[in-house]
2 protein chains.
Amino acid sequence: MKATSLWTLAGTALLGSLTVSPAQSNPEAAAPAPAVHVPSYSADGKLEMPANYREWVYLSTGFDMSYSPRAQPGHHMFDNVFVEPSAYQAFKKTGAWPNNTMFVLEARGAIDKGSINKDGNYQSTELMGVEVHLKDTGRFAGGWAFFAFDDGKAATMIPTAASCYSCHAEHAAVDTTFVQFYPTLLPIAAAKGTLSAGYKHDLGAAK
Amino acid sequence: MKATSLWTLAGTALLGSLTVSPAQSNPEAAAPAPAVHVPSYSADGKLEMPANYREWVYLSTGFDMSYSPRAQPGHHMFDNVFVEPSAYQAFKKTGAWPNNTMFVLEARGAIDKGSINKDGNYQSTELMGVEVHLKDTGRFAGGWAFFAFDDGKAATMIPTAASCYSCHAEHAAVDTTFVQFYPTLLPIAAAKGTLSAGYKHDLGAAK
């Protein structure tokens, strides 16, 4: 039994790669059905920000991710992605997203030196943005819509001419969602055969 | 309505800081009580790895974090932290951790170029380690214990002489847990008055 620990973050303790059984393939028998969050709209048709998305299922985090080459921005940023729990459970079974699937992307500032941290970055209490990607085939042309929240207020749909729509449609691994960046979901989609033609084309072109 | 979007990760769309209402302060009324994960031990006293920790409540992610200065390691790593849902709900109410609180820290590889990502890093399907920090005042001297899992097999407690114990005891913000690195929990602990003397001492020394 080695006495080094990830929690000590000593830097080199875990350079080796361990094979660990996928956690998502063996849910506990006693887990209850998840609460379903149904999208809520204001009287004037704006989407309400989901209040408790931090208690949804976490998918992944990026650090300074960018889809276009750029100069050093002079700061660092994390982005965390969450998905509504009942949609996650459906995806585990089918590799596909049901109607009302809602993703939340939050951006947070990155801190380097603070408390006992001496290297790398941790996440700040500073929330720099919250966006939603929502599936509703009866409501949105193309099936999905994006919303950006400002100060927690209900948000108008981002117009479909925005580049997020075309980029997600062309490159996202499953049904306009970037499952290729969600490490526990990508193996499920591969196993269920739900990977998009665009994603497979990109994979082939990269070889 | 601006048509730029975090989801396009265009690099500069969100340099500004938005103030967003804290999600955790307004849980939905219909949310059911969370499933309680009770720690499970093998016949020889080892801790079983919690199977579905990826469905627990996400706390935060670090990127290349290290508690000691180090040379560039030549690779990047993410660490994601999850906490058992009923413990999280208790913390929201009290700023303190009940018995059987369990944290999971998972380390994942970081990928830079892949799919359409051109800058920064996203998380790999390569799981590099899973560790648990568990509170059981009846079972462990000091109240908490660390476990490192290898290949998903039940784990022996890391001996209390390991540096993780002394470092967490001296510097962690709440009851040996590094709440200072969990952005949605730190404001709760501050409001509930549960920040540790060691953390407050470190804060004062840094001024």
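The structure presented is a predicted model; accordingly, all values stated were derived computationally and were not measured.

On to the overall build of chain A. What chain A contains, in helices and strands, is four helices and five strands. Counting from the amino terminus, chain A carries its helices and strands in the arrangement β-β-α-β-β-β-α-α-α. Relative to its 207 residues, chain A shows a buried fraction of 54%. When the accessible surface of chain A is summed, it comes to about 8400 Å², and 56% of that surface belongs to carbon and sulfur atoms.

Moving on: the side chain of S124(A). Relative to the elements of secondary structure, S124(A) occurs in strand β4 (residues 119–135). Reaching out from S124(A), the side chain makes a polar contact with the backbone nitrogen of E126(A) at a distance of 2.7 Å. Leave out the neighbours within four places in its chain, and S124(A) touches R108(A), G109(A), I111(A) and P183(B).

Attention shifts here to the side chain of N80(A). Here N80(A) is to be found in strand β2 (residues 77–83). Within the structure, the side chain of N80(A) is placed 2.9 Å from the side chain of Q123(A), a separation counted as a polar contact. When near neighbours in sequence (up to four residues on either side) are disregarded, N80(A) contacts R54(A), S60(A), T61(A), V104(A), L105(A), E106(A), R108(A), Q123(A) and Y58(B).

With respect to the helices and strands, E131(A) occurs in strand β4. Separated by 25 residues in sequence, E131(A) and E106(A) have C-alpha atoms that sit 6.4 Å apart.

Turning our eyes to something else, we now look at the packing of aromatic side chains. Here the distance between the centres and the angle between the planes together describe a pair of aromatic rings. Residues and elements named next belong to chain A. This model, assessed by the stated rule, comprises 26 aromatic pairs over all chains. Between Y53 and F82 the ring centres are 5.6 Å apart and the planes differ by 65°, which places this aromatic pair in the edge-to-face class. Taken together, the residues span a long stretch of sequence, with Y53 in the segment before β1 (57–66) and F82 in strand β2 at a distance of 29 residues. Each member of the pair, Y53 together with F82, is buried. Judged by centre distance (6.1 Å) and plane angle (65°), the ring pair of Y58 and F82 falls under edge-to-face. Separated by 24 residues along the polypeptide, Y58 in strand β1 and F82 in strand β2 bring together distant segments of the chain. In this pair, the class of Y58 matches that of F82, namely buried. The ring of Y41 is capped by R139, whose NZ or CZ atom sits 3.4 Å from the centre of that ring.

As for its position among the elements, G114(A) is in the loop between β3 (102–111) and β4. On the basis of relative accessible area, G114(A) is assigned to the buried category, the value being 17%. When the C-alpha atoms of G114(A) and S66(A) are compared, they prove to be 26 Å apart, with 48 residues separating the residues in sequence. Ignoring sequence-local partners within four residues, the contact set of G114(A) consists of Y122(A) and F181(B).

Before going further, it helps to examine the confidence of the model for chain A. Residue and element names in this part refer to chain A. Of the residues in chain A, 79% reach a pLDDT of 70 or more, and the chain-wide mean stands at 84. No element of chain A has a lower mean pLDDT than helix α4 (residues 197–206), at 90, and none a higher one than helix α3 (residues 186–192), at 98. Scored below 50 in pLDDT, residues 8–30 shows 51 contacts in the model against residues more than four places distant or in partner chains.

This brings us to unusual backbone geometry. With a phi angle near 50°, D175(A) is a residue other than glycine that sits in the positive phi range. Locating D175(A) in the fold gives a position in the loop between α2 (163–171) and α3. For D175(A), a relative accessible area of 31% translates into the label partly exposed. Not every positive phi belongs to a glycine, and N100(B) is a case in point at roughly 75°. Turning to its location among the elements, N100(B) is positioned in the loop between α1 (85–94) and β3 (102–111). For N100(B), a relative accessible area of 28% puts it in the partly exposed group.

Rules of the game
Residues numbered from 1 in each chain as written. Chains lettered and ligands numbered in written order. Predicted model: local features only at pLDDT ≥ 70, side-chain atom pairs only at ≥ 80, totals over all residues. Heavy atoms only, no water. Helix = DSSP H or I, 4+ residues; strand = E, 2+ residues; numbered from the N terminus. Buried < 20%, exposed > 50% of the residue type's maximum accessible area, 1.4 Å probe, protein only. Areas by Shrake-Rupley, 256 points an atom, 1.4 Å probe, with all protein chains shown as cover. Polar contact = N/O pair within 3.5 Å; in protein donor to acceptor, adjacent residues only side chain to side chain. Contact = heavy atoms within 4.5 Å. Phe/Tyr/Trp six-rings, centres within 6.5 Å; stacked < 30°, edge-to-face > 60°. Lys NZ or Arg CZ within 6 Å of the ring centre and 35° of its normal. pLDDT = per-residue confidence, 0-100.

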